[in-house]
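Single-letter residue listing:
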Amino acid sequence: MIKQPINATRFIIATCKTIFLICSIVMYSFTNAQNKGIHFDHDTNWKGILAKAKAENKYIFVDCFTTWCGPCKYMSNNIFPMEEVGNFYNDKFINVAMQFDSTINDAENIKARYADAVFIDKEYKMRGYPTFLFFSPDGELLHRKWGGGDAKQFITIGTNALDPEKQYYTQIKKY
């Protein structure tokens, strides 16, 4: 059997196609994985969030975070992207991530929410980060929790926020 010399052009084209295919699969997997966690509204102002919650009859979950907070980064990088967490929170809440500090590198959508963050800070007295606030579809604060946790704990926090027997502020009103 006589071996034919490899055509360099065909080899390069085949190699490029293979590399492109591998990169496409990796990018698709990465994009698909990102869509499985909590979907946060990063652009709507607080009044718009309240109107949306009322119109959709959904509760509101607000992740109150800062850029320097280690537990905030942990939650954002490890817990919020998880599929089981996203399935629970996306189904039950309008999810809002609200930055409570300011940096020179803040994007325009973050800067547009500075006044909302100041209002929420004054109104609901942030004492540490991350703080998780849960509101009724009418905008009434029902539950709050401070600190991080694992996925199971975080889903339990959300479950408790929906249960009047376990909501922090509902219990305070009772007593």
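Now for a description of the structure that goes with this document. Please read these numbers as outputs of a predicted model, since none were measured by experiment. (Residues numbered from 1 in each chain as written. Predicted model: local features only at pLDDT ≥ 70, side-chain atom pairs only at ≥ 80, totals over all residues. Heavy atoms only, no water.)

1. Description of the overall build of the protein
Right, on to step 1. Along its length, the protein carries 8 helices and 5 strands.
Right, on to step 2. Buried positions account for 38% of the 175 residues belonging to the protein.
Right, on to step 3. Summing over all exposed atoms, the protein offers an accessible surface of approximately 11,300 Å²; the carbon and sulfur share of this is 60%. (Helix = DSSP H or I, 4+ residues; strand = E, 2+ residues; numbered from the N terminus. Buried < 20%, exposed > 50% of the residue type's maximum accessible area, 1.4 Å probe, protein only. Areas by Shrake-Rupley, 256 points an atom, 1.4 Å probe, with all protein chains shown as cover.)

2. A word on the pairing of strand S2 (residues 59-65)
Right, on to step 1. With respect to burial, S2 is a largely interior element, 6 of its 7 residues being buried.
Right, on to step 2. As judged from the 7 bridges shared by S2 and strand S3 (residues 93-99), these two strands associate in the parallel manner. The residue of S3 that forms the bridge with Tyr59 is Phe93.
Right, on to step 3. Pairing of S2 with strand S4 (residues 131-135) involves 5 bridges; the strand directions are antiparallel. Bridge assignment links Phe61 to a residue of S4, and that residue is Phe134. (Pairing = 2+ DSSP bridges.)

3. Overview of the sheet that holds strand S1 (residues 40-41)
Right, on to step 1. Strand order across the open sheet formed by 5 strands is S1-S3-S2-S4-S5, with mixed pairing between neighbours. Of all strands in the sheet, those bounded by a partner on one side alone are S1 and strand S5 (141-146).
Right, on to step 2. Seen against the sheet, helix H2 (residues 46-56) touches S1, S2, S3 and S4 and runs at an angle of roughly 170° to S3.
Right, on to step 3. Relative to S3, helix H4 (residues 83-92) is tilted by about 105°, and along the sheet it contacts S2, S3 and S4. (Contact = heavy atoms within 4.5 Å. Axes fitted to C-alpha atoms, helices over the stretch in contact; angles between N-to-C directions.)

4. Comments concerning the pattern of salt bridges
Right, on to step 1. Scanning the model with the defined rule gives 4 salt bridges in all.
Right, on to step 2. The partner of Asp41 in a salt bridge is Lys52, and the shortest N-O contact between them spans 3.8 Å. Note that Asp41 is positioned in strand S1 and Lys52 in helix H2, a separation of 11 residues in sequence.
Right, on to step 3. The salt bridge involving Lys111 is made with Glu108; its shortest N-O contact spans 3.6 Å. (Salt bridge = Lys/Arg side-chain N within 4 Å of Asp/Glu carboxyl O.)

5. Observations regarding helix H3 (residues 70-79)
Right, on to step 1. Of all the residues in H3, the buried ones are Cys72, Met75 and Ile79. Along the axis of H3, the buried residues cluster in a sector spanning 95°; they form a single face. (Arc of directions from axis to C-beta.)

6. A short note on the state of the cysteines
Right, on to step 1. Applying the stated criterion across every chain yields a total of 1 disulfide.
Right, on to step 2. Linked covalently through their sulfurs, Cys69 and Cys72 form a disulfide whose S-S length is 2.4 Å. Taking the sign of the torsion about the S-S bond as the criterion, the disulfide between Cys69 and Cys72, at about 80°, is right-handed. Each member of the pair, Cys69 together with Cys72, is buried.
Right, on to step 3. You can see Cys64 has no disulfide; the closest cysteine sulfur is in Cys72, sitting 9.3 Å from it.
Right, on to step 4. For Cys64, a relative accessible area of 0% gives the class buried. (Disulfide = S-S within 2.5 Å.)

7. With respect to the packing of aromatic side chains
Right, on to step 1. The tally for this structure, following the rule as stated, stands at 21 aromatic pairs.
Right, on to step 2. A ring pair is formed by Phe61 and Phe80, whose centres lie 6.4 Å apart and whose planes are at 75°; its orientation type is edge-to-face. Taken together, the positions of Phe61 in strand S2 and Phe80 in the loop between H3 and H4 put the pair 19 residues apart, joining distant regions of the chain.
Right, on to step 3. Judged by relative accessible area, which is 0%, Phe61 ranks as buried.
Right, on to step 4. An aromatic cluster of at least three residues, connected via ring pairs, comprises Phe40, Tyr59, Phe61, Phe80, Phe88, Tyr89, Phe93, Phe132, Phe134 and Phe154. (Phe/Tyr/Trp six-rings, centres within 6.5 Å; stacked < 30°, edge-to-face > 60°.)

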